[in-house]
Amino acid sequence: QVRLVESGGGLVQAGGSLRLSCAASGSIFSVDAMGWYRQAPGKQRELVATIAIGGSTNHADSVKGRFTVTSYNDENSVYLQMNSLKPEDTAVYYCNAQVRSYTSPKTDYWGQGTQVTVSS
């Protein structure tokens, strides 16, 4: 079994910054990619940013230039540095990892979510 644990959410004023962290643990053979998704009230979950094992990244247009995703493969961890936060960034942020375990093929795993609230 694989577990993702997130931290770093909270309340911040518009223009402020937050850093989200996520660590994967458990029966992990390799991690193909990790990333962040978010879901605002009444909306569908959407991609924020992902990073592949080779280091290539993908950021949603709405966060380009403000958010940066990084990871440390040897720690199976991923981070999201969020700068110049806007009220529309308010959402529950979910960590995602595409993990190959010793007993299972590539599988998507999700964290429990961390709330980010940006006040105007």
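Okay, so let's go over this structure. (Residues numbered from 1 in each chain as written. Predicted model: local features only at pLDDT ≥ 70, side-chain atom pairs only at ≥ 80, totals over all residues. Heavy atoms only, no water.)

1. With respect to the state of the cysteines
Next up, step 1: On inspection of all chains with the given rule, the structure shows 1 disulfide.
Next up, step 2: A disulfide bridge connects Cys22 with Cys95, and the sulfur atoms are separated by 2.0 Å. Classification of the bridge connecting Cys22 and Cys95 rests on its S-S torsion, roughly -80 degrees, and on that basis the disulfide is left-handed. Of this pair, Cys22 sits in strand β3 (residues 18–26) while Cys95 sits in strand β9 (residues 91–100), and the two are 73 residues apart along the sequence.
Next up, step 3: By relative accessible area, Cys22 is classed as buried at 1%.
Next up, step 4: Take Cys95: its relative accessible area is 0%, and that puts it in the buried class. (Disulfide = S-S within 2.5 Å. Helix = DSSP H or I, 4+ residues; strand = E, 2+ residues; numbered from the N terminus. Buried < 20%, exposed > 50% of the residue type's maximum accessible area, 1.4 Å probe, protein only.)

2. Some words on the side chain of Ser101
Next up, step 1: Following the sequence through the fold, Ser101 ends up in the loop between β9 and β10 (107–110).
Next up, step 2: Taking relative accessible area as the criterion, Ser101 reaches 12% and is therefore assigned buried.
Next up, step 3: At a separation of 3.3 Å, a polar atom in the side chain of Ser101 contacts the main-chain amide nitrogen of Thr103.
Next up, step 4: At 2.9 Å, the side chain of Ser101 forms a polar contact with the backbone nitrogen of Ser104.
Next up, step 5: Not counting residues within four places of it along the chain, the set of residues in contact with Ser101 comprises Ser27 and Phe29. (Polar contact = N/O pair within 3.5 Å; in protein donor to acceptor, adjacent residues only side chain to side chain. Contact = heavy atoms within 4.5 Å.)

3. With respect to the sheet that holds strand β1 (residues 2–7)
Next up, step 1: Here 4 strands make up an open sheet; going across it, the order is β1-β3-β8-β7 and the pairing antiparallel. The open sheet has two free edges, formed respectively by β1 and β7 (67–72), since each of these has just one partner strand. On average, each strand axis in the sheet is inclined to that of its neighbour by 15 degrees, with strand direction left out of account.
Next up, step 2: In this structure, β3 lies alongside strand β8 (residues 77–82), joined through 6 bridges in antiparallel fashion. Across the sheet, Ala23 pairs through a bridge with Ser77, a residue of β8. (Pairing = 2+ DSSP bridges. Axes fitted to C-alpha atoms, helices over the stretch in contact; angles between N-to-C directions.)

4. Structural notes on the environment of Ser84
Next up, step 1: Here Ser84 is to be found in the loop between β8 and β9.
Next up, step 2: Linking Ser84 and Gly65, residues 19 residues apart in sequence, is a C-alpha distance of 9.2 Å.
Next up, step 3: In this view, Ser84 contacts Gly15, Gly16, Ser17, Arg66 and Asp89; residues no more than four positions away in its chain are not counted.

5. Things to note about the packing of aromatic side chains
Given two aromatic rings, one states the distance between the centres and the angle between the planes to describe the pair.
Next up, step 1: For the structure shown, the criterion picks out 2 aromatic pairs.
Next up, step 2: Here the aromatic rings of Phe29 and Tyr102 are separated by 5.5 Å at their centres, their planes lie at 75 degrees, and the arrangement is edge-to-face. Separated by 73 residues along the polypeptide, Phe29 in the loop between β3 and β4 (30–39) and Tyr102 in the loop between β9 and β10 bring together distant segments of the chain. Pair check on accessibility: Phe29 and Tyr102 agree, each one exposed.
Next up, step 3: Here the aromatic rings of Tyr37 and Trp110 are separated by 5.1 Å at their centres, their planes lie at 70 degrees, and the arrangement is edge-to-face. Pair noted here: Tyr37 is in strand β4 and Trp110 is in strand β10, with a separation of 73 residues, a long-range link.
Next up, step 4: Under the relative-accessibility criterion, Trp110 is labelled partly exposed at 37%.
Next up, step 5: Here Arg45 stacks its cationic end above the ring of Tyr94, 3.8 Å away from the centre of that ring. (Phe/Tyr/Trp six-rings, centres within 6.5 Å; stacked < 30°, edge-to-face > 60°. Lys NZ or Arg CZ within 6 Å of the ring centre and 35° of its normal.)

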